[in-house]
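Architecture at a glance
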Amino acid sequence: MNAQSKIFAGRDRVRVAIIQTAPVFMDLQRSVDKACLKIAEAASEGAELIVFSETWLSGYPYWDEGWNSQSEPWAQMRETFYDNALHVPGELFQKVADAAAQAGAIVVIGCNEIDERPGKHTLYNTLLYIGSDGRLLGKHRKLRPTFVEAAFWGSGAGDDLYSWPTEIGRIGGLICSEHTMTLVRARMIEQGEDFHIAVYPGAFDLWNGPKLEVEDKTGEFFPGYASARAHAVESGSFVLLAMGYLDEVDIPADFPMRDSLNIEYARGGSMVISPAGVPIAGPVHGDAILYADCEARVVKLCKAVIDVNGSYARPDLLSLHYHPASLPDQPD
């Protein structure tokens, strides 16, 4: 190993892509087919790291439900939600993995994942890391579903807070409001990240109303922009902020819970942020693929000023204790 190999695995630059397009909403088979086409398209433009947004397979639960829900449409929607969850490993997962291998690109994609263990039926908000050889590098389940999300997903075990070594450097990520969990972000920074993946269902404004979540049209109110820029500076990594996009035309006319959908904030807004905390691509709105060329020299220069895991760590004063109930095989 030499000094250069510590950043981007010795590469001078890496081209990345964020796929900001709608899935085939609540249709896993067709969403997988669309994902494979988009992976090939991005790879044809030279992308070596291709990222999709939160639960892209096959859609974020943008509808409201509770004890006041009408029972028949609720039951229809729940069956659809279950039937379109991804099983890992499985035939449809393998199709995405094969697309990554054929493209020769690393793919990070969000999904509604069903527990693979016999007799278990909990769904999770999961981020999958697929290598350029089609191998599953790892996956991360959201630690704590936020607010009403707890009706849809279970809490992740927390035994998957790792960054993954690849031929383009170490890649880690978190899901939506996990970026407000300061110690969790510190854990990812401690692991070392060349690229950090931050996925959200859209750029929402929680401040101005009248709904609890509305579109942030100016970029002033969405907390994800602030936390992504902070993480870029603190980790010294490039942050790929992948935002959800969904339009009214993407929702089937007979969608059971259509009257309670709130997709007005799912308009994109993805960006790539440098280790200096400065966006180098985006934000972009609408149906698009966002590309950026990330340069290793930028990481080197930022680390020369602030190295959070090095001269700024002060382990003589402070330390982080990570203690999951079980420890799976750890990446090198």
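Remember, predicted model here, so these are calculated numbers, not experimental data. In every chain, residue numbers begin from 1 and rise along the written sequence. Since the coordinates come from a predicted model, pLDDT governs what is reported: local features require at least 70, and pairs of side-chain atoms require 80 or more to be given and counted, while whole-chain, interface and lining totals use all residues. In computing side-chain values, all of the structure's heavy atoms are included and hydrogens and water are not.

Put simply, DSSP H or I for four residues or longer makes a helix, DSSP E for two residues or longer makes a strand, and each gets a number counted from the N terminus. Summing up its helical and strand segments, the protein has six helices and 14 strands in all. Judged by the C-alpha coordinates and their principal axes, the protein covers about 60 × 45 × 40 Å. The buried share of the protein, taken over its 332 residues, is 52%. Carbon together with sulfur atoms contributes 53% to the accessible area of the protein, which is approximately 15200 Å² in total. The buried label applies to any residue whose accessible area, calculated with a 1.4 Å probe on protein chains only, is under 20% of its type's maximum; exposed applies above 50%, and partly exposed to all values in between. Working definition of accessibility: Shrake-Rupley area with a 1.4 Å probe, residue cover restricted to the visible protein chains.

So, on to the pattern of salt bridges. What makes a salt bridge here is a side-chain nitrogen of Lys or Arg within 4 Å of a carboxyl oxygen of Asp or Glu, nothing more. By the definition in use, this model includes 20 salt bridges. Here Asp33 and Lys95 are joined by a salt bridge, their closest N and O atoms 2.5 Å apart. Remark: Lys95 occurs in helix α3 (residues 91-103) and Asp33 occurs in helix α1 (residues 28-44); sequence separation between them is 62 residues. Its relative accessible area of 35% is what places Lys95 among the partly exposed residues. Among the salt bridges present, the one from Lys142 reaches Glu149, with a minimum N-O distance of 2.7 Å. Per residue, the accessibility class of Lys142 equals that of Glu149, and both read buried.

Judged by side-chain polarity, Phe147, Val148, Leu206 and Leu212 come together as a nonpolar surface patch covering roughly 440 Å² of accessible area. Mapping Leu212 onto the fold places it in the loop between β9 (204-205) and β10 (214-215). Patch membership is restricted to residues that have no salt bridge and whose relative accessible area is over 30%. Joining uses 9 Å for like charges and 5 Å for the nonpolar side chains Val, Leu, Ile, Met, Phe, Trp and Tyr.

Take helix α5 (residues 223-235) next. Helix span, as expected, comes to 1.5 Å for every residue beyond the first. Its 13 residues give α5 an end-to-end C-alpha distance of 18 Å, which sits within 8% of 18 Å, the value for a rise of 1.5 Å per residue. We call two residues in contact whenever any of their non-hydrogen atoms come within 4.5 Å of each other. Among the structural elements, α4 (182-191), β8 (195-200), β11 (238-243), β12 (268-273), β13 (279-285) and α6 (296-305) are those in contact with the buried residues of α5. Downstream of α5 by a residue or two, Gly236 has a phi angle that is positive, lying close to 65°.

Aromatic ring pairs are reported here in terms of the distance separating the ring centres and the angle at which the planes meet. Each pair of aromatic rings taken from Phe, Tyr and Trp, with Trp reduced to its six-membered ring, is defined by centres within 6.5 Å and is described as stacked if the planes are under 30 degrees apart, edge-to-face if over 60, and tilted in the remaining cases. Applying the stated criterion across every chain, the model contains 23 aromatic pairs. Both rings, one in Phe25 and one in Trp63, keep their centres 6.5 Å apart while their planes meet at 80°; by these two values the pair is edge-to-face. Linking Phe25 in the loop between β1 (13-20) and α1 with Trp63 in the loop between β2 (49-51) and α2 (71-83), this pair joins segments that are 38 residues apart in sequence. On the basis of relative accessible area, Phe25 is assigned to the buried category, the value being 5%. The aromatic ring of Tyr124 is capped on one face by Arg141, whose charged end is 4.1 Å from the ring centroid. Definition used: whenever NZ (Lys) or CZ (Arg) falls within 6 Å of the ring centre and also within 35 degrees of the ring normal, the charge is taken to sit over that ring.

DSSP bridges decide pairing: two strands pair if at least two such bridges lie between them. The mixed open sheet is built from six strands, whose spatial order is β5-β4-β3-β2-β1-β14. In this open sheet, the two strands that pair with only one neighbour each are β5 (136-141) and β14 (288-295). Across this sheet, the average inter-strand angle for adjacent strands is 25°, counted without regard to direction. Strand direction decides the pairing type here: strand β3 (residues 106-114) and strand β4 (residues 123-130), joined by eight bridges, are antiparallel. Looking across to β4, one finds that Asn112 is bridged to Asn125. Only C-alpha atoms enter the line fits that serve as axes; for helices the fit covers just the stretch in contact. Angles between N-to-C directions range over 0 to 180 degrees.

Turning next to the side chain of Ser270. Along the polypeptide, Ser270 turns up in strand β12. Judged by relative accessible area, which is 0%, Ser270 ranks as buried. Here the side chain of Ser270 touches Met243 through a polar contact of 2.9 Å, landing on its backbone nitrogen. Beyond its immediate stretch of four places on either side in the chain, Ser270 contacts Ile18, Gln20, Leu241, Ala242, Met243, Ala281, Gly282, Pro283, Val284 and Leu290. The definition of a polar contact used here is a pair of N or O atoms within 3.5 Å, where within protein one atom must be able to donate a hydrogen and the other to accept one, and adjacent residues in sequence count solely through side-chain atom pairs.

Moving on: the side chain of Ser235. The topology assignment puts Ser235 in helix α5. With relative accessibility at 5%, the residue Ser235 sits in the buried group. A distance of 2.6 Å separates a polar side-chain atom of Ser235 from the backbone oxygen of His231. Within the structure, the side chain of Ser235 is placed 2.6 Å from the side chain of Ser237, a separation counted as a polar contact.

Looking now at the state of the cysteines. Cysteine sulfurs are considered disulfide-paired once they come within 2.5 Å of each other. Within this structure, the stated rule accounts for zero disulfides. For the unlinked cysteine Cys176, the closest cysteine sulfur is that of Cys111, found at 15 Å. Assessed through its relative accessible area of 5%, Cys176 is described here as buried. Sulfur of Cys294: no disulfide; nearest cysteine sulfur belongs to Cys302 and is 12 Å away. For Cys294, a relative accessible area of 0% gives the class buried.

The next thing to look at is the environment of Asp316. The topology assignment puts Asp316 in the segment after α6. Judged by its relative accessible area of 55%, Asp316 falls in the exposed class. Separated by 295 residues in the primary sequence, Asp316 and Thr21 place their C-alpha atoms 47 Å from one another. Separated by 2.6 Å, the side chains of Asp316 and Arg314 make a polar contact.

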